[in-house]
Amino acid sequence: GAVVSQHPSWVICKSGTSVKIECRSLDFQATTMFWYRQFPKQSLMLMATSNEGSKATYEQGVEKDKFLINHASLTLSTLTVTSAHPEDSSFYICSASPGTSGTDTQYFGPGTRLTVL
Amino acid sequence: GQQLNQSPQSMFIQEGEDVSMNCTSSSIFNTWLWYKQDPGEGPVLLIALYKAGELTSNGRLTAQFGITRKDSFLNISASIPSDVGIYFCAGSTSGTYKYIFGTGTRLKVLA
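A quick note: this is a predicted structure, and the numbers were derived from the prediction, not measured.

Looking at the nonpolar core
And step 1. Grouped together as the largest cluster of nonpolar side chains are 24 residues, with contacts concentrated most on W35, F67, L79, Y92 and L114 of chain A.
And step 2. In contact with F67 of chain A, other than residues within four places in its own chain, are R37, M47, Y58, V62, L79, T80, V81, D88 and Y92 of chain A.
And step 3. Counting 22 residues, the second largest nonpolar core, distinct from the first, contains M11, L74, I100 and L107 of chain B.

Remarks on the side chain of S77 of chain A
Residue and element names in this part refer to chain A.
And step 1. Residue position: S77 is located in strand β8 (residues 76–81).
And step 2. Using a relative accessible area of 0% as the deciding quantity, one classes S77 as buried.
And step 3. A polar contact is formed between the side chain of S77 and the side chain of W35, at a distance of 3.0 Å.
And step 4. A polar contact is formed between the side chain of S77 and the side chain of S50, at a distance of 3.4 Å.
And step 5. What S77 contacts, discounting residues up to four positions off in sequence, is I21, E22, C23, M33, W35, S50, I69, N70 and H71.

Considering the side chain of T112 of chain A
All names here are of chain A.
And step 1. Inspection of the secondary structure assignment puts T112 in strand β11 (residues 112–116).
And step 2. On the basis of relative accessible area, T112 is assigned to the buried category, the value being 0%.
And step 3. Of the polar contacts made by the side chain of T112, one reaches the backbone oxygen of P8; its length is 2.6 Å.
And step 4. Filtering out sequence-adjacent residues up to four positions away, T112 remains in contact with Q6, P8, S9, W10, V11, I21, S90, F91 and Y92.

Concerning the packing of aromatic side chains
And step 1. Across all of its chains, the model carries ten aromatic pairs over all chains by this definition.
And step 2. Ring centres of F67 of chain A and Y92 of chain A lie 6.4 Å apart, and the angle between their planes is 40 degrees; this geometry places the pair in the tilted category. Here F67 of chain A, found in strand β7 (residues 67–73), pairs with Y92 of chain A, found in strand β9 (residues 90–97); they are 25 residues apart in sequence, far enough to count as distant. A single burial state applies to F67 of chain A and to Y92 of chain A, both of which are buried.
And step 3. Ring pairing ties together the aromatic residues Y36 and F108 of chain A together with Y35, F88 and F101 of chain B, which thus form one cluster.

Brief notes about the state of the cysteines
What is meant by a disulfide is a covalent connection between two cysteines, made through their sulfur atoms.
And step 1. Inspection of the entire model under this criterion finds two disulfides over all chains.
And step 2. Note that C23 of chain A is cross-linked by a disulfide to C94 of chain A, the S-S spacing being 2.0 Å. The sign of the S-S torsion, about 80 degrees, decides the handedness of the disulfide formed by C23 of chain A and C94 of chain A: right-handed. Within this pair, whereas C23 of chain A is found in strand β3 (residues 19–25), its partner C94 of chain A is found in strand β9, the two being separated by 71 residues in sequence. With respect to class, C23 of chain A is no different from C94 of chain A; both count as buried.
And step 3. Residue C23 of chain B pairs covalently with C89 of chain B via a disulfide, S to S 1.7 Å. With C23 of chain B in strand β3 (residues 19–24) and C89 of chain B in strand β9 (residues 85–92), this residue pair connects regions lying 66 residues apart in the sequence.
And step 4. On the basis of relative accessible area, C23 of chain B is assigned to the buried category, the value being 0%.
And step 5. Taking the relative accessible area as the measure of exposure, C89 of chain B reaches 0% and is therefore buried.
And step 6. With no disulfide of its own, C13 of chain A lies closest to C94 of chain A among cysteine sulfurs, the gap being 18 Å.

Cut-offs applied
Residues numbered from 1 in each chain as written. Chains lettered and ligands numbered in written order. Predicted model: local features only at pLDDT ≥ 70, side-chain atom pairs only at ≥ 80, totals over all residues. Heavy atoms only, no water. Core = buried A, V, L, I, M, F, W, Y, C linked by side-chain atoms within 4.5 Å. Buried < 20%, exposed > 50% of the residue type's maximum accessible area, 1.4 Å probe, protein only. Contact = heavy atoms within 4.5 Å. Helix = DSSP H or I, 4+ residues; strand = E, 2+ residues; numbered from the N terminus. Polar contact = N/O pair within 3.5 Å; in protein donor to acceptor, adjacent residues only side chain to side chain. Phe/Tyr/Trp six-rings, centres within 6.5 Å; stacked < 30°, edge-to-face > 60°. Disulfide = S-S within 2.5 Å.

In structure tokens:
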């Protein structure tokens, strides 16, 4: 149980284009989903917290107009990187939590490798 | 963003040896999680700890929630080659839904 999928697993795009990444909880309903970014040989940095049916909460320094998050259902959240630039190239990972408590564990997706040319 | 201090940063050990790593914070946490991440993949949950002093095992892995609630430890016994990877701790404070991740410990096992 507690399987989270991401699509696509990798994507290459041209500078200035937008890219959408999907995160799905396959066998549970995720009240809360999280989006992380991970640069090579670094830890996971939380970008935003996504709650179903409401606006996402962004971490300090993360541009909400650049990283659009939509959590339209209890099993799907999407991250759209708008007007992508080479510095946005990174490993984007989502996680999903079945509950609303801070003690709920998070289950991670396999990640999406974004390369912006 | 905020990160937890994790040590050691990297370890090279012989197959069969035991491994210990820890995570420390200046803040009190209510939950500690330990994850393993293989290259190019998402982290996989190993152990979850919810109470100070709690000691939990998962096969050859044992983790403890520090009494002060500011640290946690992960031990791996009798390491095998597939233990290679990056181990992350993550802590959550009361009233929040989000976790702060440690800096990671890279483990390499020499056969």
